[in-house]
Amino acid sequence: MMIRFLFSLLPSYKNEMKNSGSPIRGHRAPYWQIIGVIMALGMALRLINLDVPDMASDDAHYSFRAIGLVDYVASTNLQSTPVSWFDEPQWWQGISFHDAPPFVFWVQRFFFELAGDSVWAARMPFVLAGTALIGAVFLLGEAAAGASAGIAAAGAIAVMNYAVGASRIGLLDGFVALWGAAALYFFLKAGARPRYYLWWGLAAGLGILTKYTFFFLAPVFVGTLLLWRRDALRTK
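Residues numbered from 1 in each chain as written. Predicted model: local features only at pLDDT ≥ 70, side-chain atom pairs only at ≥ 80, totals over all residues. Heavy atoms only, no water.

Colleague: Describe helix α6 (residues 119-145), listing the residues and the values that go with them.
Modeller: Because each turn of an α-helix spans 3.6 residues, side chains separated by three or four positions in sequence point in the same direction. Along its 27 residues, α6 runs 39 Å from first to last C-alpha, staying within 8% of the 39 Å computed at 1.5 Å per residue. Directly after α6, the chain includes Gly146, whose backbone phi takes a positive value near 105 degrees. (Helix = DSSP H or I, 4+ residues; strand = E, 2+ residues; numbered from the N terminus. Expected span 1.5 Å × (residues − 1).)

Pasting the structure below:
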């Protein structure tokens, strides 16, 4: 019903496009009003009772390590980490984590500094990432199949139970999904406008700094460059 209501807002926009002949320049505002509503709804769903249930498993583990930027694992794990190797903390320990890159730990640390050590502060970065993902999915869907497809995709991910749940707990995958959607969007746009490769590189870099599984997207990008975009490799 929500998607049907949002699409009911589109006729005036379609008329403007028909009269102007331009679906992009100067006529995007109505779409962004719709996306704004979808993102607000998605954020509201992610904020409800954000501080419950209690933190557990990786949700608690990552947040605990972000408070002090300490590469620590449970005592039942026989693998040692740098925190136990030295009598005094080393300068590089705040950027060295044996099982994940440091970006999300840094972001959580910022929120802990801003709002104190609380469940709300630990999970708020993932709420914001999940909300931004809604906008990124719209852009990706619009670039791939048109604005209507983008709106439908954004509406789906705003209310999808797994997407909402993943944005309410401290798992790195919430940020991986955001950078993945952003990287795919910029890579798609770069086919016609090579300057978007810079933004693609930024999104891909943030993805790599978030979780090593982001490398699974590498075959998509490398394969496309080698098979269909060889000119991009020779362009400065």
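Colleague: Can you lay out the packing of α6 against helix α7 (residues 147-159) for me, pointing to particular residues and giving the numbers?
Modeller: It is the contact of α6 with α7, at a shortest axis distance of 7 Å, that shows an interaxial angle of 150 degrees. Of the possible angle classes, the one that applies to α6 and α7 is roughly antiparallel. Between α6 and α7 lies a crossing whose hand is right-handed. Between α6, through Leu133, Ile134, Val137, Phe138, Gly141, Glu142 and Ala145, and α7, the contact on the second element is made entirely by Ala147, Ala149, Gly150, Ile151, Ala153, Ala154, Ile157 and Ala158. When the residues that make up the contact of α6 with α7 are grouped by side-chain class, the tally is twelve nonpolar, two polar and one charged. (Axes fitted to C-alpha atoms, helices over the stretch in contact; angles between N-to-C directions. Parallel < 35°, antiparallel > 145°, perpendicular 65-115°, else oblique. Left-handed = near helix turned anticlockwise from the far one by under 90°. Contact = heavy atoms within 4.5 Å. Nonpolar A, V, L, I, M, F, W, Y, C, P; charged D, E, K, R; others polar.)

Colleague: Break down the packing of aromatic side chains for me, with residues and values.
Modeller: Applying the stated rule across the entire model yields 18 aromatic pairs. Seen from their ring centres, Trp32 and Phe138 are 5.2 Å apart, and the 75 degrees between their planes marks the pair as edge-to-face. Note that Trp32 is positioned in helix α3 (residues 29-47) and Phe138 in helix α6, a separation of 106 residues in sequence. The class of Phe138 is buried, set by a relative accessible area of 0%. The structure contains a cluster of three or more aromatic residues connected by ring pairs, namely Phe103, Phe126, Phe175 and Trp179. (Phe/Tyr/Trp six-rings, centres within 6.5 Å; stacked < 30°, edge-to-face > 60°. Buried < 20%, exposed > 50% of the residue type's maximum accessible area, 1.4 Å probe, protein only.)

Colleague: Requested: an account of the side chain of Thr224, with residues and values cited.
Modeller: For Thr224, the position within the fold is in helix α11 (residues 218-227). A relative accessible area of 17% means that Thr224 is categorised as buried. Dropping the residues within four chain positions of it, Thr224 is found in contact with Phe187, Pro219 and Arg229.

Colleague: Outline the confidence of the model for the protein chain, listing residues and values.
Modeller: Looking at the protein chain as a whole, its pLDDT mean stands at 84, while 85% of the residues score no less than 70. When the criterion is pLDDT under 50, residues 11-26 qualifies, and its contacts beyond four places in sequence or with other chains add up to eleven contacts. (pLDDT = per-residue confidence, 0-100.)

Colleague: An account of the nonpolar core is needed here, citing residue identities and associated values.
Modeller: Proteins that are soluble and globular tend to have nonpolar side chains buried together. Ranked by size, the top nonpolar core spans 55 residues in total, and within it Ile38, Phe175 and Trp200 carry the most contacts. Elements represented by at least two residues in this core include exactly α3, α4 (57-68), α5 (103-115), α6, α7, α9 (173-190), α10 (196-208) and α11. Here this core gets twelve residues from one element, more than from any other, and that element is α6. When residues no more than four places from it in sequence are discounted, the contact partners of Trp200 are Ala183, Phe186, Phe187, Phe221 and Leu225. (Core = buried A, V, L, I, M, F, W, Y, C linked by side-chain atoms within 4.5 Å.)

Colleague: Give me the lowdown on unusual backbone geometry, citing residues and values where you can.
Modeller: Of note in this structure, Asn49 is not a glycine but carries a positive phi near 50 degrees. Here Asn49 shows up in the loop between α3 and α4.

Colleague: Give me the lowdown on a nonpolar patch on the surface, citing residues and values where you can.
Modeller: Among the surface-exposed residues, Val222, Leu226, Leu227, Trp228 and Leu233 lie close enough to one another that they form a single nonpolar patch of about 580 Å² accessible area. Broken down by element, the nonpolar patch gets its largest block of residues, three residues, from α11. Residue classification places Val222 among the partly exposed residues on the basis of a relative accessible area of 44%. (Patch = residues over 30% accessible without salt bridge, like charges linked within 9 Å, V, L, I, M, F, W, Y side chains within 5 Å. Areas by Shrake-Rupley, 256 points an atom, 1.4 Å probe, with all protein chains shown as cover. Salt bridge = Lys/Arg side-chain N within 4 Å of Asp/Glu carboxyl O.)

Colleague: Kindly report on α11, identifying the contributing residues and their values.
Modeller: Within the sequence span of α11, burial applies to Phe221, Thr224 and Leu225. Angular distribution of buried residues about the axis of α11 spans 95 degrees; they occupy a single face of the element. α11 presents Pro219 and Leu227 as exposed residues on the side facing more than 90 degrees away from its buried surface. Residues of α11 that are buried sit in contact with α9, α10 and α12 (230-234). (Arc of directions from axis to C-beta.)

Colleague: How would you summarise the environment of Pro125 if you had to cite specific residues and measurements?
Modeller: With respect to the helices and strands, the residue Pro125 is situated in helix α6. Ignoring sequence-local partners within four residues, the contact set of Pro125 consists of Val107, Gln108, Phe111 and Phe175.

Colleague: Could you give me a rundown of the environment of Ala203, with the residues and numbers involved?
Modeller: Inspection of the secondary structure assignment puts Ala203 in helix α10. For Ala203 and Phe187, which are 16 residues apart along the polypeptide, the C-alpha to C-alpha distance reads 9.8 Å.

Colleague: Please provide a residue-by-residue account of the side chain of Arg123, values included.
Modeller: Inspection of the secondary structure assignment puts Arg123 in helix α6. With a relative accessible area of 2%, Arg123 lands in the buried category. Those residues in contact with Arg123, other than ones at most four positions away along the chain, are Leu50, Asp51, Val52, Pro53, Asp54, Met55, Asp59, Ser167, Arg168 and Ile169.

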